[in-house]
Amino acid sequence: PLNVIIAPDTASAFQRAATFLADHIRGAAHPVLGLATGRTMESIYALLVSDHQAGKLDFSQLTSFNLDEYVGLSPTDPRSYRHYMQEHLFGHVNMRPEHVHVPDGTASDLVAECAAYEAAIQNEGGLGLQLLGIGETGHIGFNEPPSAFDTRTRPVTLDDVTRRQNAAMFGGQPDAVPHTALTMGVGTILEARELLLVATGSSKARIVAEALLGPLTPDISASAIRLHANCTVILDHEAAAIW
Ligand code: GLP
């Protein structure tokens, strides 16, 4: 069930991932993609944007749901994931605004926002392909340890490790990173019909090995992907070093 691809170099890992996503967008009548953020995804989105600009990839039928968002940041805040998506993908392709979904971290009732997000995914027939990165705590989305494998979209408290890892977007100051976020749950992610996890670079080698070879545990939410029937993992040589 777990199909692991070790690319010869980082650029080809990104290329394989972009091709995988593009094939899904082209292959489904009503493609529904789960999207991720983080540095890893920037290069992948850049490749999709250039395919679109070359007239090779149409986004008009695509519906997307992002994994997560910081609590308290507005969609136009440059540090928000909604803004990240605008900068790296949505602003450069022909997606319809009504097809784009990112959890609203400014909702007055966060629990209700999460329930509405789950309902919106169901309304679209569920997630076709969910793109995933991996954080240094072993999280997928913002499912920090411990995150049970049946968790749903919900508010979570961010781990200090994650707040340090993501500080670059906040002027390099971990203290400026929000303490809470909204994230799809591990259970929400596992219900996608297909999963694609991408990790590159030596900083990910240890956690990739733990997630893929260690125990299945809520303490490393990425380990849950091994329970999925149709999951592909794309690594570069550095991220696969301990493999
Ligand atoms: C954030 C996101 C995760 C992502 C992780 C990895 O924490 N919430 O979904 O996987 O960053 O980020 P990077 O690609 O920058 O290493």
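Here, the structure is the one placed above.
Residues numbered from 1 in each chain as written. Predicted model: local features only at pLDDT ≥ 70, side-chain atom pairs only at ≥ 80, totals over all residues.

### Quick look at the overall build of the chain
Move 1: Across its full length, the chain holds 7 helices and 10 strands.
Move 2: Since a compact globule built from 243 residues should have a radius of gyration of about 18 Å, the 17 Å found for the chain is in line with a globular shape.
Move 3: Each principal axis of the C-alpha distribution contributes one length, and for the chain these read about 40 × 40 × 35 Å.
Move 4: Looking at the 243 residues of the chain, the share that counts as buried comes to 44%. (Helix = DSSP H or I, 4+ residues; strand = E, 2+ residues; numbered from the N terminus. Rg over C-alpha atoms; globule rule 2.2 N^0.38 Å. Buried ≥ 20, exposed ≤ 12 C-beta atoms within 10 Å, placed from the backbone.)

### Remarks on unusual backbone geometry
Move 1: Cis geometry is adopted by the peptide bond preceding Pro-146, which originates at Pro-145 and carries an omega value of -10°.
Move 2: Considering the arrangement of structural elements, one finds Pro-146 in the loop between strand E6 (129-132) and strand E7 (154-157).

### Notes on the site of the ligand
Move 1: Inspection of the region around the ligand gives 14 residues, with Gly-38, Arg-39, Thr-40, Gly-133 and Gly-135 positioned closest.
Move 2: A class-by-class count of the residues in the shell around the ligand yields 4 nonpolar, 8 polar and 2 charged. (Near = placed C-beta within 6 Å. Nonpolar A, V, L, I, M, F, W, Y, C, P; charged D, E, K, R; others polar.)

### Details of the pairing of strand E8 (residues 180-183)
Move 1: For strand E4 (residues 68-70) and E8, the ladder comprises 3 bridges, and the chain directions are antiparallel. Opposite Tyr-70, over in E8, you have Ala-181 as the bridge partner.
Move 2: Pairing between E7 and E8: 4 bridges, direction antiparallel. Looking at the pairing, Pro-155 lines up with Leu-182 of E8. (Pairing = 2+ DSSP bridges.)

### Quick look at the sheet that holds E7
Move 1: Read across the sheet, 3 strands follow the order E4-E8-E7 without closing on themselves; strand pairing throughout is antiparallel. Pairing within the sheet leaves two strands with one partner each, and these edge strands are E4 and E7. Direction aside, neighbouring strands of the sheet carry axes that sit 30° apart on average.
Move 2: Sheet contacts for helix H4 (residues 110-123): E7 and E8; angle to E7, the most-contacted strand, approximately 125°. (Axes fitted to C-alpha atoms, helices over the stretch in contact; angles between N-to-C directions. Contact = placed C-beta atoms within 7 Å.)

### Thoughts on the environment of Thr-188
Move 1: Among the structural elements, Thr-188 can be located in helix H6 (residues 186-190).
Move 2: On the neighbour-count criterion, Thr-188 (26 C-beta atoms within 10 Å) is buried.
Move 3: Once the C-alpha coordinates of Thr-188 and Arg-96 are considered, the two residues, 92 residues apart in sequence, prove to be 24 Å apart.

### Digging into the sheet that holds strand E5 (residues 100-101)
Move 1: Within the open sheet, the 7 strands sit side by side as E1-E10-E9-E6-E2-E3-E5. Their pairing is parallel. Two strands in the sheet have a free side with no partner beyond their single neighbour: strand E1 (2-7) and E5.
Move 2: Examined bridge by bridge, strand E2 (residues 32-35) and E6 share 2 bridges and lie parallel to one another. Residue Gly-34 lies in a different strand from E6, and its bridge partner there is Gln-130.

So yeah, pure geometry; function would need other evidence.
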